[in-house]
Amino acid sequence: MNLVLCLTEQCNLRCTYCYYKETQAERKTVMDDETLEQAIRIGLERTILFKQHFFNITFFGGEPLVRREAIYKGVEFAKAIVADAMDNGRIDNTFILQFAVNTNGTLFDDEFFDFCEKEHFRIYLSLDGPEHHHNLARRTVSGTGSFKAIEKHIPRFVKLGAVALSTITRLHIDTIFESVKWLHEQGFQSLTTSVDFDGKWSGEEFDRLALQYQKMAQYWKECREKGEKFFLGTIHDKVKLVLLNSRYRNYSCHVYNGAIGVATNGNIFPCTRFITSQKDTPYVQGNVFTGFDEKACEKIHTFLDNDKQECEGCDIRYRCCAHECACTSFYTTGSIEGVSPEVCTHERMLAEICDNLIRS
Ligand code: SF4
Ligand code: SF4
Ligand code: SF4
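Just so you know, these numbers come straight off a predicted model, no measurement behind them.

What counts, and where the lines are drawn
- Residues numbered from 1 in each chain as written.
- Chains lettered and ligands numbered in written order.
- Predicted model: local features only at pLDDT ≥ 70, side-chain atom pairs only at ≥ 80, totals over all residues.
- Heavy atoms only, no water.
- Near = heavy atom within 4 Å.
- Helix = DSSP H or I, 4+ residues; strand = E, 2+ residues; numbered from the N terminus.
- Nonpolar A, V, L, I, M, F, W, Y, C, P; charged D, E, K, R; others polar.
- 1 Å grid on protein atoms, 1.4 Å probe; cavity = no way out; pocket = protein on both sides within 12 Å on 5 of 7 lines; lining within 4 Å.
- Points joined across faces, edges and corners; volume = space filled by probe spheres on them.
- Core = buried A, V, L, I, M, F, W, Y, C linked by side-chain atoms within 4.5 Å.
- Buried < 20%, exposed > 50% of the residue type's maximum accessible area, 1.4 Å probe, protein only.
- Contact = heavy atoms within 4.5 Å.
- Phe/Tyr/Trp six-rings, centres within 6.5 Å; stacked < 30°, edge-to-face > 60°.
- Lys NZ or Arg CZ within 6 Å of the ring centre and 35° of its normal.
- Pairing = 2+ DSSP bridges.
- Axes fitted to C-alpha atoms, helices over the stretch in contact; angles between N-to-C directions.
- Right-handed = clockwise from strand over helix to strand, strands pointing away.

> Go over the site of ligand 3, please, and point to the residues and values.
Contacts to ligand 3 come from Cys 311, Cys 314, Ile 316, Arg 317, Cys 320, Ala 322, His 323, Val 339, Cys 344 and Arg 348. Contributing elements (two or more residues each) for the shell around ligand 3: helix 12 (321–324) and helix 14 (341–359). Taken together, the residues that form the shell around ligand 3 break down as seven nonpolar, one polar and two charged.

> Run through empty space enclosed by the protein, naming residues and quoting values.
Enumeration over the complete set of coordinates arrives at one cavity of 30 Å³ or more. The volume enclosed by the largest cavity comes to roughly 70 Å³. In the lining of the largest cavity, the residues fall into nine nonpolar, one polar and one charged.

> Please provide a residue-by-residue account of the nonpolar core, values included.
Counting 84 residues, the largest nonpolar core has Leu 5, Ile 40, Phe 59, Phe 121 and Phe 188 as the members making the most contacts within it. Beyond its immediate sequence surroundings of up to four residues, Ile 40 is in contact with Leu 3, Leu 5, Phe 55, Ile 57, Gly 74, Phe 77, Ala 78 and Ile 81. Listed in part, the 17 residues of the second largest apolar core include Val 4, Phe 269, Ile 275 and Ile 336.

> How would you summarise the packing of aromatic side chains if you had to cite specific residues and measurements?
Counted under the stated rule, the structure contains 19 aromatic pairs. Here the aromatic rings of Phe 59 and Phe 121 are separated by 6.1 Å at their centres, their planes lie at 15 degrees, and the arrangement is stacked. Within this pair, whereas Phe 59 is found in strand 2 (residues 54–60), its partner Phe 121 is found in the loop between helix 3 (110–118) and strand 4 (122–126), the two being separated by 62 residues in sequence. Exposure class is identical for Phe 59 and Phe 121. Each is buried. Note on Tyr 283 and Phe 330: the rings are 5.5 Å apart at their centroids and 85 degrees apart in plane angle, and the pair reads as edge-to-face. Of this pair, Tyr 283 sits in the loop between strand 9 (267–269) and strand 10 (286–287) while Phe 330 sits in helix 13 (residues 326–333); the two residues are 47 residues apart in sequence, bridging distant segments of the chain. Across the pair, Phe 330 and Tyr 283 agree in class, each one buried. What links up through ring pairs into an aromatic cluster is the set Phe 59, Tyr 72, Phe 99, Phe 108, Phe 112, Phe 113, Phe 115, Phe 121 and Phe 157. One cation-aromatic arrangement involves Arg 46 over Phe 292; the distance from NZ or CZ to the ring centre is 3.7 Å.

> Go over the site of ligand 2 with me, naming the residues and quoting the values.
In the vicinity of ligand 2, the residues found are Cys 253, His 254, Val 255, Cys 271, Cys 325, Ala 326 and Cys 327. Of the residues assigned to the shell around ligand 2, the class counts are six nonpolar, one polar and no charged.

> Any chance you could break down the sheet that holds strand 3 (residues 96–103) for me, citing the residues and the numbers?
If you walk across this open sheet you meet the 11 strands as 7-6-5-4-3-2-1-8-9-10-11, and the pairing is mixed. Of all the strands in the sheet, the pair left with one neighbour each is strand 7 (231–232) and strand 11 (291–292). Along the sheet, helix 7 (residues 176–186) contacts strand 5 (163–168), strand 6 (190–195) and strand 7; its crossing angle with strand 6, the most-contacted strand, is approximately 155 degrees.

> Could you give an account of the pairing of strand 6, naming the residues involved and the relevant values?
Looking at chain direction, strand 5 and strand 6 are connected through five bridges and run parallel. Following the sheet pairing, Thr 167 is matched in strand 6 by Ser 194. Taken together, strand 5, helix 7 and strand 6 constitute a β-α-β crossover, and its handedness is right-handed.

By themselves, these observations are geometric and do not establish any function.
Right, dumping it as structure tokens:
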């Protein structure tokens, strides 16, 4: 089970593509200790209920390092209740407890790096690329670029095996390949790109993006052929799905029985993009203090079991994010049932590039 804890909605940055961007400045909520502990308890209980042997806790935000004390507390609390469950024979000693953090990297220091190293944290670092590329969208509160605040830490992030996450907006298109290559040259062996679908992508912009993806795909293939360790999620995942004859929902999607997202107020959501403490928000799956709303959970279950009508007959539907990923559908259309024409175009284009790569 992967438990994603939104420790705070506050952030020291103001990225142009932040999914809290409209409300970022007013978002002040933080998860209190009681909620934090109850969320971890619920996460462990759900893990045991589904007979899983792996419990991963991801500290998420906003920027979770704004609340680094809560990370320390969460780790100690999780270790203590997992040890108790082992002592009571509820889980055996093969059970794995793992931690991760999704961060913008600007608030790291030696103390926190040492802590991550000691606790074997998986670090997901939002780093779009070199300075000129990164600073296009990743800005501080005062509007300046945030690259300088991360640059000095890059070697340590690399040493700890951080995964670099790079977001593509329409402003980034022509420097994407260069940025992916730069990230790899810095030593990141695992990275992925995702697109900021803003409803304004034009055909001409998708054509330019296709050219960049072709270069990325070729570069990834050449690195792999040379025996280099290089996981480029954008290409790797699509290629793997074809080679394994699998589908996203089975290969890498964990909603329903593999993921719980918890907002600062304790509300439970199916995955990261849904998490918010705002009132009257859709897809709340319950609250850590009152438990799961099984009817709401069933909606997600039904989503997973069914194909989307609009996609009937489409032969790439099982590797298409618009079809398979509840988060993507939700943030691009407001509903898990929706299909965004932009994502549809993107997925067709990327599938073709990956198919050509497999054939070449
Ligand atoms: S670092 Fe993340 S949470 Fe903070 S403004 Fe940027 S995208 Fe939003
Ligand atoms: S809903 Fe999307 S983001 Fe969430 S686990 Fe599934 S594929 Fe991943
Ligand atoms: S490519 Fe378009 S039609 Fe095909 S599954 Fe994706 S969203 Fe549906």
